[in-house]
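# Descriptive structure summary
Take a look at the letters that make up each chain.
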Amino acid sequence: MPADEQSDPILTPGTSDAATSTGTVIGRYHLTQKIGEGGMGEVWLAEQKEPVRCRVAIKLVKAGMNSREVMARFESERQALALMDHFAIARVLDAGSTSEGTPYFVMEYVAGVPITTYCDDHRLSTRDRLELFMRLCDGVQHAHQKAIIHRDLKPSNILVTEVDGRPAPKIIDFGVAKALSQRLTAETLLTRVGTMVGTPEYMSPEQALSSGEDIDTRSDVYSLGIIFYELLAGAPPIDLRKVALTEFLRRLREDDPPKPSTKVSSADPVSSFDVAHKRRTEALTLVRLMRGDLDAIALKALEKDRSRRYGSPSEFAADIGRYRRNEAVLAVPPSVAYRARKLARRYRAAFVTVTAFVLVLIAAAVISTLAAVRTRRAETKAKQQSAIAQAVNDFLQKDLLGQASAFYQSKPDPNMTVQLPAIRSAPQPNFGYRSPRARSRK
């Protein structure tokens, strides 16, 4: 790079490719490395020399893109970021214009990676991913409270870095953001008819079909739903890459996404193993974990009819919070059995204790009942035996021996004896032998 360009204190970004290269000085910022590039701008890592030495990110209009529409959109993004102050949104530190009037703004430098990449590289468990996603929802909710719709939420626009050893999301690139209740710039920003605003794979149906005009905060909810689905299942709900526009719109409008658990279970064994491994579990365990509440939450966020989606990112996050606390989630139609299961999971320790106590009471009642039945049977048997003995005794004393007593005889005989009948001997068998006398008689 020529020495005269390096010494120039302020150069106009967007006038030439050489104007935005390593070593370019803009105000008190020295560009060191290009770290991002979009349709209308590029982001550079820069070093601030004074008053405090630090690293920042500077967004500039791309060379040859300084049209009126691009300049208005760039200014809109700068104003949108200036309105927000949240830990999950990259902060604007400074802004200005070059000597040629081209705007730029300075943001905090986020040394992070896309949210899906971070989760996979660090093998975050499903529970940790849910916690990180809830923090992301909090940031998007803050933007909505400022009447700003992002319209381009996707993993590459959600960078994750670590703060105090914990992953922290940072939302960047509000270049296509839309204000709901106020104009961010003096210029009226119109969307050309037939031009889709945002990234197609992460668009809501209404955003794709209305050129981005007929949308509200639920469009960002849909985009969050796709990211949530990827964090669970490791793949987008519907493959919309590399298809013609008409086929893309048809799939987006008509195809219902499968459940995240079905996405994992129906994949080939190698892919299922890889997805589960990146979540520190087994494929079957991951499928069982997602089946039910998490499936329902993901599909509710991806409803084609936006009236059936979560109304806001905070509602989305609240349902995830209910799942984590073992409470009934709004995405699942309530039933007595479902609520009973959730209550049992929520108060697992107390439920186990109460169940054990009830089982002990039931066992004691059963044992007591069996003992009572045995005792009653023994008493009944003893009474029966006593009755039989008494009957026999009465028979012997009153019926049999009593008839032989002098009291019951009509002519009492004090010398009464009992004469037994004569016992005749039985004839002896002779087996056909006859004595000589018997033969002579014959």
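Below: a short report on this structure. For clarity, every value in this text was computed on a predicted model and none was experimentally measured.

Before going further, it helps to examine the environment of glutamate 282. In this fold, glutamate 282 is placed in the loop between α9 (269-277) and α10 (283-290). Judged by its relative accessible area of 52%, glutamate 282 is exposed. Along the backbone, glutamate 282 and serine 272 are 10 residues apart, and their C-alpha atoms lie at a distance of 8.7 Å.

Now for the packing of aromatic side chains. What describes a pair of aromatic rings is the distance from one ring centre to the other and the angle between the planes of the rings. Enumeration according to the criterion identifies five aromatic pairs in this entry. With centroids separated by 5.1 Å and ring planes inclined at 50 degrees, the aromatic side chains of phenylalanine 133 and phenylalanine 228 adopt a geometry described as tilted. Placement of the pair is phenylalanine 133 in helix α4 (residues 126-145) and phenylalanine 228 in helix α6 (residues 217-233), with a sequence separation of 95 residues. Just as phenylalanine 133 is buried, phenylalanine 228 falls in that class too. Taking the centre distance of 5.1 Å and the plane angle of 10 degrees together, the rings of tyrosine 310 and phenylalanine 316 count as stacked. Owing to a relative accessible area of 1%, tyrosine 310 belongs among the buried residues under this scheme. The buried category is assigned to phenylalanine 316, whose relative accessible area is 0%. Ring pairs connect the aromatic residues Phe133, Phe228, Tyr310 and Phe316, which therefore count as one cluster.

Take the nonpolar core next. Ranked by size, the top nonpolar core spans 68 residues in total, and within it Ile115, Phe133, Phe174, Phe228, Ile297 and Phe316 carry the most contacts. The leading source of residues in this core is α6, at 10 residues. Not counting residues within four places of it along the chain, the set of residues in contact with isoleucine 297 comprises Phe228, Tyr310, Phe316, Asp319, Ile320, Tyr323, Val329 and Ala331. Core analysis: the second largest hydrophobic core is formed by 10 residues, Ile26, Tyr29, Ile58 and Val106 among them.

Procedures and definitions
- Position numbers for residues start from 1 in each chain and track the written sequence from start to end.
- Reporting of local features is limited, given that this is a predicted model, to residues whose pLDDT is at least 70; pairs of side-chain atoms are given and counted only at 80 or more, and all residues count toward the totals for whole chains, interfaces and linings.
- Each side-chain value is derived from all of the structure's non-hydrogen atoms; neither hydrogens nor water enter the calculation.
- Secondary structure is summarised from DSSP: a helix means a run of H or I of at least four residues, a strand means a run of E of at least two, and numbering begins at the N terminus for each.
- Note on exposure labels: buried denotes an accessible area under 20% of the residue type's maximum, exposed denotes more than 50%, and partly exposed covers the range between, all computed with a 1.4 Å probe on protein chains only.
- A pair of aromatic rings is counted whenever rings of Phe, Tyr or Trp (Trp by its six-membered ring) have centres within 6.5 Å, and the orientation is called stacked for planes under 30 degrees apart, edge-to-face for over 60 and tilted otherwise.
- Throughout this description, the term nonpolar core refers to a set of buried Ala, Val, Leu, Ile, Met, Phe, Trp, Tyr and Cys residues connected via side-chain atoms within 4.5 Å.
- We call two residues in contact whenever any of their non-hydrogen atoms come within 4.5 Å of each other.

Read these as spatial facts, not as claims about activity.
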